[in-house]
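The chain contents come next:
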Amino acid sequence: MLILGNGRVITRDVKNPYLENGAVAIDGATIKKVGSLDDVRAAYPRAEFMDVKGKLIMPAFINTHEHIYSAFARGLSIKGYSPDGFLEILDGQWWTIDRNLTLEDTYLSAMATYIDCIKNGVTTIFDHHASFGAIRDSLFHIEKAAKETGVRSCLCYEVSDRDGKEKAKDSVIENAEFIKHALKDNTGMIAGMMGMHAQFTISDETMELAAANKPDGVGYHIHVAEGIEDLHHCLKHYGKRIVDRLYDWDILGEKTLLGHCIYVNKHEMDLIKDTNTMVVHNPESNMGNACGCPPTMELVHKGILTGLGTDGYTHDMIESWKVANILHKHHLCDAGAAWAEVPQMLFEGNPQIANRYFEQKLGVLEEGAAADVIVMNYDPLTPFGADNCNEHILFGMNGRDVVTTVANGKILMKDRELQHIDEAKVMADCRQAAGALAKRING
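Here, residues in each chain are numbered from 1, in the same order as that chain's written sequence. Where local features are concerned, this predicted model is filtered to residues with pLDDT of at least 70; where side-chain atom pairs are given and counted, the filter is 80 or more; whole-chain, interface and lining totals use all residues. In computing side-chain properties, one takes all heavy atoms of the structure into account and sets aside hydrogens as well as water.

Quick notes on the pattern of salt bridges
Point 1. The working definition used for a salt bridge is a side-chain nitrogen of Lys or Arg within 4 Å of a carboxyl oxygen of Asp or Glu. Tallying each qualifying case throughout the model produces 23 salt bridges.
Point 2. A salt bridge links Arg245 to Asp204, with the nearest nitrogen and oxygen atoms 2.8 Å apart. Taken together, the positions of Arg245 in helix 8 (residues 242-248) and Asp204 in helix 6 (residues 204-213) put the pair 41 residues apart, joining distant regions of the chain.
Point 3. The buried label applies to any residue whose accessible area, calculated with a 1.4 Å probe on protein chains only, is under 20% of its type's maximum; exposed applies above 50%, and partly exposed to all values in between. Take Arg245: its relative accessible area is 1%, and that puts it in the buried class.
Point 4. The class of Asp204 is partly exposed, set by a relative accessible area of 34%. Where helices and strands are cited, they refer to DSSP runs of H or I of at least four residues and of E of at least two residues respectively, numbered from the N terminus.

Here's the deal with the sheet that holds strand 11 (residues 220-224)
Point 1. The strand order across the open sheet built from five strands is 10-11-12-13-14, with neighbouring strands paired in parallel fashion. Because the sheet does not close on itself, it has two edges, and the strands there are strand 10 (194-198) and strand 14 (306-308). The sheet shows a mean angle of 25° between the axes of neighbouring strands, taken without regard to direction.
Point 2. Pairs of strands are assigned from DSSP output, requiring at least two bridges between the strands. Across three bridges, the pairing between strand 13 (residues 278-281) and strand 14 is parallel. The partner of Val280 across the bridge, within strand 14, is Gly307.
Point 3. In the packing of helix 13 (residues 341-354) onto the sheet, the strands contacted are strand 12 (257-260), strand 13 and strand 14, and the crossing angle to strand 14 comes to about 105°. Between N-to-C directions, angles cover 0 to 180 degrees, with each direction set by a line fitted to C-alpha atoms, over the stretch in contact for helices. The contact criterion used throughout is that any non-hydrogen atoms of two residues lie within 4.5 Å.

Remarks on the packing of helix 12 (residues 317-332) against helix 14 (residues 389-396)
Two quantities define a packed helix pair, namely the angle between the helix axes and the distance between the axes.
Point 1. One way to put it is that helix 12 packs onto helix 14 with a least axis distance of 9 Å and a crossing angle of 95°. Relative to helix 14, the element helix 12 is oriented roughly perpendicular. Facing helix 12, whose interface residues are Ile318, Trp321, Lys322 and Asn325, helix 14 presents Asn390, Ile393, Leu394 and Phe395.
Point 2. Polarity classes work like this: nonpolar for Ala, Val, Leu, Ile, Met, Phe, Trp, Tyr, Cys and Pro, charged for Asp, Glu, Lys and Arg, and polar for all others, with Gly in that last group. For the contact of helix 12 with helix 14, the per-class residue count stands at five nonpolar, two polar and one charged. Angle categories: roughly parallel below 35 degrees, roughly antiparallel above 145, roughly perpendicular from 65 to 115, and oblique for all the rest.

A word on the sheet that holds strand 7 (residues 122-129)
Point 1. Taken together, four strands build an open sheet; the order of strands is 6-7-8-9 and the sheet is parallel. Each edge of the sheet is formed by a strand with only one pairing partner; in this case those strands are strand 6 (61-66) and strand 9 (190-192). Averaged over all neighbouring strand pairs, the angle between strand axes comes to 10°, with direction disregarded.
Point 2. Bridging between strand 6 and strand 7 involves four bridges; their strand directions are parallel. Residue pairing in the sheet places Ile62 in a bridge with Thr124 of strand 7.

Considerations on the packing of helix 4 (residues 138-149) against helix 5 (residues 165-183)
Point 1. Contact geometry of helix 4 with helix 5 gives a least axis separation of 9 Å together with a crossing angle of 40°. Here helix 4 is positioned oblique relative to helix 5, judged by the angle of their axes. For the pair helix 4 and helix 5, contact is made by Ser138, Leu139, Phe140 and Glu143 and by Glu174, Asn175, Glu177, Phe178 and His181, respectively.
Point 2. Of the residues belonging to the contact of helix 4 with helix 5, the class tally is three nonpolar, three polar and three charged.

Section: helix 2 (residues 86-99)
Point 1. Taking 1.5 Å of rise per residue, 14 residues should cover 20 Å, and helix 2 covers 18 Å from first to last C-alpha, within 8% of that figure.
Point 2. Within the sequence span of helix 2, burial applies to Phe86, Ile89, Leu90, Gln93, Trp95, Thr96, Ile97 and Asp98.
Point 3. Its buried side turned inward, helix 2 meets strand 10, helix 7 (228-238) and helix 15 (423-442). Working rule for helices: expected span equals 1.5 Å times residues minus one.

So, in structure tokens, the structure goes:
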């Protein structure tokens, strides 16, 4: 057993939200007890004790929309790339990168992303992968990295017709094979979905192929109305709005996750709500791509299960929260907007989304929940408690304040040092692979 104690504890448990001097006892992959330091140590006197020395103990973060394949984009300059609009950003940068990825690149991109996740206190991700240069077995290479690093992962491959029917078929098969594999996994650490890029790159023929090959018990992970071009395409080619097309293909449902949803109307929101479909908001990406601001506050107010992601833009969920907070205030010209909605997405929506794919309760420190715990180095200069801890996190912390990360009961990082991972070697391998990728792209 392991006890993390002698610190402030934010539990996210409404019955026991905050402990001024508390502790968390972990037995295997499960939280055994949360309480005062004295009570927990008295209950388990022989447990290993990690003294956090007054630091903050809280549940690890969850990221409900990641892009591992974008890891090697950092600092990459592509010759001739000068995009004018969202479609040129996709084709000129992201599709160019993914067409040139090898399986080894995918594995190393995953290792790099998972290391950043651990350093930012993220222990569960929903990744949306693309590597049209090497489709088959790509999800299994990501899974290898997930197991080596210890990050819980729900994976999918991005089905698209953009590079032809054969690659679209390979993409569907990769999803189907990985989903079947994941459904047999009993670790509680791996899951799969049927990934889809966006409706504007998916024909009816490929929609039908994906539906025919999707195993029961899982849903779809798809970008929806991220750019206005997606909506215009659907109206022109199918005579309907995007969510209506997805509804007609039976894509909506409680296991399906819709990314972005910028250009959706009230009717589409009603369809999303009525089908109990999930949505994930990615504020930095939306702003960086100049795609627009989604009606996220309205989605949350309507009772749609909405989470917070990063779209690969960052791996720091606090950063994503900070950006969402000011984006919606600015967009709505309302300084009172987003105070409650964004932390609700991060601390309630993300765990609820994750628990539609992972059985053990996530995002909370309570008996029986998954032992996903982080310690943050934060010494508040003003009063701190259950009533204002969110404001302290928002304005006083960032992901790099995480000093210790525990996932599934295993210590992945302690005092900013990764455990069981040779970070220097991984980074050296990544630099070499990223350099080779840049040369392939630029000729």
